[in-house]
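An overview of the molecular structure
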Amino acid sequence: MTILIFIIILWYTGLFFQTFFLHRYAAHQTFTMSKVTERVCFVLTWVFQGSNYLSAYGYGVMHRMHHAYADTDKDPHSPKYDSNVFSMMWRTKNIYQDINKKRIAVADKFTKNVPQWKSFDKFASSRVSRLTWGTAYTIFFIVFATAWWQWLLLPVAFLMAPIHGVIINWFAHIYGYRNFKVSDTSKNLLPIDILMMGEGYHNNHHSHSGRANFGVRWFEIDFTYLIMVVLDKLKIIKIKKTAV
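What counts, and where the lines are drawn
Residues numbered from 1 in each chain as written. Predicted model: local features only at pLDDT ≥ 70, side-chain atom pairs only at ≥ 80, totals over all residues. Heavy atoms only, no water. UniProt positions renumbered as here; feature names shortened; annotations may be inferred. Helix = DSSP H or I, 4+ residues; strand = E, 2+ residues; numbered from the N terminus. Expected span 1.5 Å × (residues − 1). Buried < 20%, exposed > 50% of the residue type's maximum accessible area, 1.4 Å probe, protein only. Patch = residues over 30% accessible without salt bridge, like charges linked within 9 Å, V, L, I, M, F, W, Y side chains within 5 Å. Areas by Shrake-Rupley, 256 points an atom, 1.4 Å probe, with all protein chains shown as cover. Salt bridge = Lys/Arg side-chain N within 4 Å of Asp/Glu carboxyl O. Axes fitted to C-alpha atoms, helices over the stretch in contact; angles between N-to-C directions. Left-handed = near helix turned anticlockwise from the far one by under 90°. Contact = heavy atoms within 4.5 Å. Nonpolar A, V, L, I, M, F, W, Y, C, P; charged D, E, K, R; others polar. Polar contact = N/O pair within 3.5 Å; in protein donor to acceptor, adjacent residues only side chain to side chain.

Looking up the protein chain in an unreviewed UniProt entry gives the name Acyl-CoA desaturase, with the organism given as Olleya sediminilitoris. UniProt, in its Sequence similarities (unreviewed entry) section for the protein chain, records the words "Belongs to the fatty acid desaturase type 2 family." On record in UniProt, under Subcellular location (unreviewed entry), the comment for the protein chain is "Membrane".

Listed below in C-alpha cells is the structure:
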C-alpha cells in the first residue's frame, strides 16, 4: 500500500503543478501571482515533479506553439504527424529542449511574458538533479516495496510528466467526445475528469484557451480550477476576469 500511495501522491502533485503553474499560468496566464509566489511555484514544481521537472519557459513556449499550429506539421506534438506515441514524445522532447536552451528562433508572440528562472531551471533540469531524484525513488522502493509487481511502478515515477503528456497530447486527440467544433482533433477524454484534474477537457480548452476553468458542461468538474478559486479567495493568486 505504501508504494501505491506514493505513486498516487506523485501523480496528483506533479500533475497539479503542471496544469496550475506550467499550463494555466506560464502558457496562458489566466491568473496573476506575486514574484515570491511564482518562485515558490518553481521550487514546488521541482519538488513534486522531481526527475521529471519541466521548465515553465520551455513548457509555456512550446504549449503556445501547440495551440497556434495544432495538428499541422509545425505542431510540437500531434498524432497526425507521428506514426506512434514514442516517436511523438521523442520529437516533443527534442523541441522542448531546443526551446528551453534557446537553440532555435521562436517568435516573440510565443515568448512574451512567459516566466523564466534561468539559474534554477539549469539546476532543476541538470543530470545531477534528475539522477538524485531517481536514486531517491529507487531507495524508497527498496525500503517499502513488498511485492515484485510494485517494482513495475518505478518507471512510472521516473517518467510521470511524460506519461501525463502522452495521455493528453496523444490520447485526447484520438479518443473522447467533443463539445465544440474546432480545426484540430482535440477531444474531451472523460466526462468527469478525476484522472487528469481538468486537463482531460482538451476540446473545451482548445476552443476556449483563455478560460481558467476547463469544464464547460454542468458535469465537467475541473478540480484544478476549484483549487484555484480557493487560492484566489485566500489572495495567493488572482484569477483574471477575462479568464472566467
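This next bit is on helix 1 (residues 2-27). A rise of 1.5 Å per residue sets the reference length of helix 1, with its 26 residues, at 38 Å; its end C-alpha atoms lie 35 Å apart and thus fit the reference within 8%. Of all 26 residues that make up helix 1, 19 are buried, and the element is covered over most of its length. Just downstream of helix 1, Gln-29 is the residue with a positive phi angle, here 50°.

Taken together, the side chains of Met-1, Leu-4, Ile-5, Ile-9, Trp-148, Trp-149 and Leu-152 present a nonpolar region at the surface, about 790 Å² in accessible area. Among the residues examined, Ile-9 registers a relative accessible area of 46% and is labelled partly exposed.

Another point: the UniProt feature "transmembrane region" (unreviewed entry) in the protein chain. UniProt annotation of "transmembrane region" (unreviewed entry) refers to residues 6-26, 131-151 and 157-177 when read in the numbering used here. Here residues 6-26 runs as 100% helix and 0% strand, with 27 Å between its end C-alpha atoms. Between the C-alpha atoms that bound residues 157-177 the distance is 30 Å, and the span itself is 57% helix and 0% strand.

All right, on to the packing of helix 1 against helix 2 (residues 35-49) then. Interhelical geometry of helix 1 versus helix 2 gives an angle of 145° and a closest axis separation of 9 Å. Crossing of helix 1 against helix 2: the hand is left-handed. Residue-level contacts link Leu-10, Thr-13, Gly-14, Phe-17, Gln-18, Phe-20, Phe-21, Leu-22 and Tyr-25 of helix 1 to Glu-38, Cys-41, Phe-42, Leu-44, Thr-45, Phe-48 and Gln-49 of helix 2. For the contact of helix 1 with helix 2, the class distribution of residues is 10 nonpolar, five polar and one charged.

This part is about unusual backbone geometry. Peptide bonds are trans in most cases, and residues, glycine excluded, mostly fall at negative phi. Within the chain, Gln-29 stands out as a residue other than glycine whose phi angle is a positive 50°. As for its placement among the helices and strands, Gln-29 is situated in the loop between helix 1 and strand 1 (31-32). Exposure remark for Gln-29: the relative accessible area of 18% places this residue in the buried category.

Tracing the chain through its elements places Asn-52 in the loop between helix 2 and helix 3 (56-68). Using a relative accessible area of 7% as the deciding quantity, one classes Asn-52 as buried. Of note is the side chain of Asn-52, whose polar atom sits 3.1 Å from the backbone oxygen of Ala-157. Polar side-chain contacts of Asn-52 include one of 3.2 Å to the backbone nitrogen of Ala-161.

Our focus in this paragraph is the side chain of His-173. Note on placement: His-173 falls in the loop between helix 9 (160-169) and helix 10 (202-207). The class for His-173 is buried, based on a relative accessible area of 4%. There is a polar contact of 2.9 Å between the side chain of His-173 and the side chain of Thr-185.

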